[in-house]
Amino acid sequence: MNRKEKFISHLVEGQLYKKDSIILGTGILDGEPISGAQIKVPLKTLNRHGLIAGATGTGKTKTLQVIAEQLSLKGIPSVLMDLKGDLSGLAQPGDATDFILKRSEQIGVTYEPMDLPVELMSISNEKGVRLKATVSEFGPVLISQILDLNDTQRGVIAVVFRYCDTQHLPLVDLKDLKKVLQYISNEGKEDISKEYGQVSSASVNTIIRKIIELEQEGAELFFGEKSFDVEDFVRSKYGRGVISIIRLTDIQSKPKLFSTFMLSLLSEIYETFPEQGDEDKPKLCLFIDEAHLVFSNASKDLLEKIEAIIKLIRSKGVGVFFCTQTPTDVPDSVLGQLGLKVQHALRAFTAKDRKSITKTAENYPDSPFYNTSEVLTSMGIGEALITALNEKGIPTPLAQTLVRAPITRMGILSENEIDNLVASSDLVKKYNEDIDRESAFEILEKKLERIEREQKIETPSGHIPRTGRRSKQDESLIEELSKNTMVRQIGRTIFRELTRGILGSFTKRR
């Protein structure tokens, strides 16, 4: 058996799957694509997550596009976080050029250009379905982690959420959260301290400043209603999985907003989806482009939360795939959870680069056919080192791979095409209605206005009259406050002040 035959046998024996799989390309030996050495990934292990890495311009995004296409054709929906804006072409068929046809022939697949069902989405002002969530849905723990609060400040946030629960104050957006914080450190301070203990004004002010910092990154567009139901990610049309592309081109310089959104999305999916067990294919796959933005700007607590969810979310039938320049962009604790690894070429311009390449090579299985460190720097565009997990969870043979071409457009959609796609969306009609119902901000504003009106009940000389007898106005005010659950605490405070005034007038009369 010659070297080529041994190579084919090595790959075929390492990829004997009982269930369905997708083809990513064909193996390369000594610089030549080898027919009959297709590189396949079993659907069963795609919920074990993955990594697509490589230097700029080596073909990472096109590989991501190919994987999303093949999943869609198998009926598996996916969510793509598109920070560069070059994935919208999935909605239009590709071009059968001579180069692509030759490449497909070398790989042993038929090239059939086609469009796939795509849903454009946004957390900002981009066109598409608006993805929103309320502050209440985040909860005190996640809000504290996003704002990077210390233990004392976390305690304040916990008090805020508890107070809003008991007082029926909906926390919908950041405006509501700021208003409640201002209220408990000023007008409501006395009631809060009696029920929950003293709240530090300094801590409140610090939290408000951190909320303002988050708002400056555009988070006010994300927090609100109508909340997005993550079950709407899990859809198919004509037997093909819907590809939801979240357009994030205008938040590249806002990493905190990006990590906030990503963590909330993962958390919502984990908490919402039922346990799936070990199924033959994943329920949903998420692709996070420019993943270094998530990890390089996240706090320690935020990283721990992300790592915990990545470890647990696969039991929900969800695979998460990170697309970044080097594997070192992803924390080791997350990297160790990844089953599929697609490594495009790396460039060695400095001593630091060479050390990074050596470290990267150690993350891959040894191969009798390659010197991994050398291959990492010599691969061309559209080539990658690929290893996955077989159905028993064992890594498949490492192979330098000629990656297949996308069957959809490799370019982006025109503005007219985007407009037409958005106009035909049922989810746009469902979620793009602005809702501003009465929430904590409006309720507290009314409370404060009522207190201000009560304090202005004065005599012409500017003094509040004190008599030994309650007026009908006083009695009606007290009765109204005592019956209104939303202002019960304020009512008690005013009642005490009125009582003190009445008793004071009795004393003066004597």
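Higher on the page you've got the structure.
Residues numbered from 1 in each chain as written. Predicted model: local features only at pLDDT ≥ 70, side-chain atom pairs only at ≥ 80, totals over all residues. Heavy atoms only, no water.

**Q** Explain the overall build of the protein chain here, please?
**A** If you tally the helices and strands in the protein chain, you get 19 helices and 14 strands. For the protein chain, with 510 residues in total, the buried portion stands at 53%. When contacts within the protein chain are restricted to residue pairs at least 6 apart in sequence, long-range pairs at least 24 apart make up 77% of them. (Helix = DSSP H or I, 4+ residues; strand = E, 2+ residues; numbered from the N terminus. Buried < 20%, exposed > 50% of the residue type's maximum accessible area, 1.4 Å probe, protein only. Contact = heavy atoms within 4.5 Å.)

**Q** Explanation requested: the packing of aromatic side chains in the structure shown.
**A** We describe a pair of aromatic rings using the distance from one ring centre to the other and the angle between the two ring planes. Scanning the model with the defined rule gives 10 aromatic pairs in all. Between the aromatic rings of Phe228 and Tyr431, the centroid separation amounts to 4.8 Å while the plane-to-plane angle is 40 degrees, which identifies the pairing as tilted. Separated by 203 residues along the polypeptide, Phe228 in the loop between helix 8 (201-216) and strand 7 (236-237) and Tyr431 in helix 16 (residues 426-431) bring together distant segments of the chain. Here the two residues Phe228 and Tyr431 agree in accessibility, since each one is buried. Here Lys226 stacks its cationic end above the ring of Tyr431, 5.9 Å away from the centre of that ring. Positioned above the aromatic ring of Phe273 is the side chain of Lys283, whose terminal nitrogen or guanidinium carbon lies 4.2 Å from the ring centre. (Phe/Tyr/Trp six-rings, centres within 6.5 Å; stacked < 30°, edge-to-face > 60°. Lys NZ or Arg CZ within 6 Å of the ring centre and 35° of its normal.)

**Q** Explanation requested: helix 6 (residues 174-184) in the structure shown.
**A** Since the α-helix turns once every 3.6 residues, residues separated by three or four places project in the same direction. Of all 11 residues making up helix 6, 9 are buried, and the element is well covered by its neighbours. Within the span of helix 6, buried status applies to Leu174, Asp176, Leu177, Lys178, Lys179, Val180, Leu181, Tyr183 and Ile184.

**Q** Looking at this model, I keep getting lost on the pairing of strand 2 (residues 32-42). Mind explaining?
**A** Each regular strand carries side chains that alternate between the two faces of the sheet. Taken together, the 7 bridges between strand 1 (residues 21-29) and strand 2 define a ladder with antiparallel strand orientation. Across the sheet, the residue bridging to Ser21 is Pro42, located in strand 2. Count of turn residues in the strand 1/strand 2 antiparallel hairpin: 2 residues, of which Asp30 carries a positive phi of about 55 degrees. (Pairing = 2+ DSSP bridges.)

**Q** Got a minute to help me understand the pairing of strand 3 (residues 50-53) in this structure?
**A** Here strand 3 shows two buried faces, one formed by Gly50 and Ile52 and the other by Leu51 and Ala53. Summarising the sheet, strand 3 and strand 11 (residues 318-324) pair through 4 bridges and their orientation is parallel. Across the sheet, the residue bridging to Leu51 is Phe322, located in strand 11. Examined bridge by bridge, strand 3 and strand 12 (residues 340-343) share 4 bridges and lie parallel to one another. Residue Ile52 lies in a different strand from strand 12, and its bridge partner there is Val342.

**Q** What's the story with helix 5 (residues 151-166) in this structure? I'm lost.
**A** Taking 1.5 Å per residue as the helical rise, helix 5 with its 16 residues ought to reach 22 Å, and the 23 Å between its terminal C-alpha atoms agrees with that figure. When helix 5 is considered as a whole, its buried residues turn out to be Gln153, Val156, Ile157, Val159, Val160, Phe161, Tyr163 and Cys164. The opening residue of helix 5, the one whose side-chain oxygen lies 3.1 Å from the backbone nitrogen of Thr152, is Asn150. Of the residues one or two after helix 5, His168 is the one with positive phi, at around 55 degrees. (Expected span 1.5 Å × (residues − 1). Polar contact = N/O pair within 3.5 Å; in protein donor to acceptor, adjacent residues only side chain to side chain.)

**Q** What is the right way to look at the packing of helix 4 (residues 135-147) against helix 11 (residues 300-313) in this model?
**A** Angle between the axes and distance between the axes: these two values describe a pair of packed helices. Two numbers describe how helix 4 lies on helix 11: the axes approach to 7 Å, and their chain directions differ by 130 degrees. Of the possible angle classes, the one that applies to helix 4 and helix 11 is oblique. Here helix 4 runs over helix 11; the crossing is left-handed. Residue-level inspection shows Leu142, Gln145 and Ile146 of helix 4 in contact with helix 11, the latter providing Asp301, Leu302 and Lys305. A breakdown of the residues in the contact of helix 4 with helix 11 according to their chemical character gives 3 nonpolar, 1 polar and 2 charged. (Axes fitted to C-alpha atoms, helices over the stretch in contact; angles between N-to-C directions. Parallel < 35°, antiparallel > 145°, perpendicular 65-115°, else oblique. Left-handed = near helix turned anticlockwise from the far one by under 90°. Nonpolar A, V, L, I, M, F, W, Y, C, P; charged D, E, K, R; others polar.)

**Q** Looking at this model, I keep getting lost on the pattern of salt bridges. Mind explaining?
**A** Working definition: two side chains of opposite charge can pair if their charged atoms are close together. Counted according to the given criterion, the structure contains 16 salt bridges. The salt bridge partner of Glu415 is Lys127, with a shortest N-O separation of 3.0 Å. Highlighted residues: Glu415 in helix 15 (residues 415-423) and Lys127 in the loop between strand 5 (118-122) and strand 6 (129-130), separated in sequence by 288 residues. Looking at Glu415, the relative accessible area reads 48%, which means it is partly exposed. Judged by its relative accessible area of 35%, Lys127 is partly exposed. Among the charged side chains, a salt-bridge network with shared partners connects Lys19, Lys44 and Asp280. (Salt bridge = Lys/Arg side-chain N within 4 Å of Asp/Glu carboxyl O.)

**Q** When you look at the side chain of Arg235 in this model, what are you seeing that I'm missing?
**A** Relative to the helices and strands, Arg235 is located in the loop between helix 8 and strand 7. Apart from the residues within four sequence positions on either side, Arg235 is in contact with Pro77, Glu119, Arg240, Gly241, Val242 and Leu427.

**Q** Please clarify how the environment of Ile211 should be interpreted in this entry.
**A** Counting through the fold element by element, Ile211 comes out in helix 8. For the pair Ile211 and Ile143, spaced 68 residues apart in the sequence, the C-alpha separation amounts to 9.8 Å.

**Q** Would you explain the sheet that holds strand 6 in this entry?
**A** Sheet strands pair via backbone hydrogen bonds, and the direction of the pair is either parallel or antiparallel. Here we have 12 strands laid out as an open sheet, ordered 2-1-14-13-12-3-11-10-4-9-5-6, and mixed in their pairing. Both edges of this open sheet fall to strand 2 and strand 6, since each of them pairs with a single strand only. With respect to the sheet, helix 2 (residues 60-73) is in contact with strand 1, strand 3, strand 4 (78-82), strand 9 (243-247), strand 10 (284-289), strand 11, strand 12 and strand 14 (399-403), its orientation differing from that of strand 10 by roughly 170 degrees.

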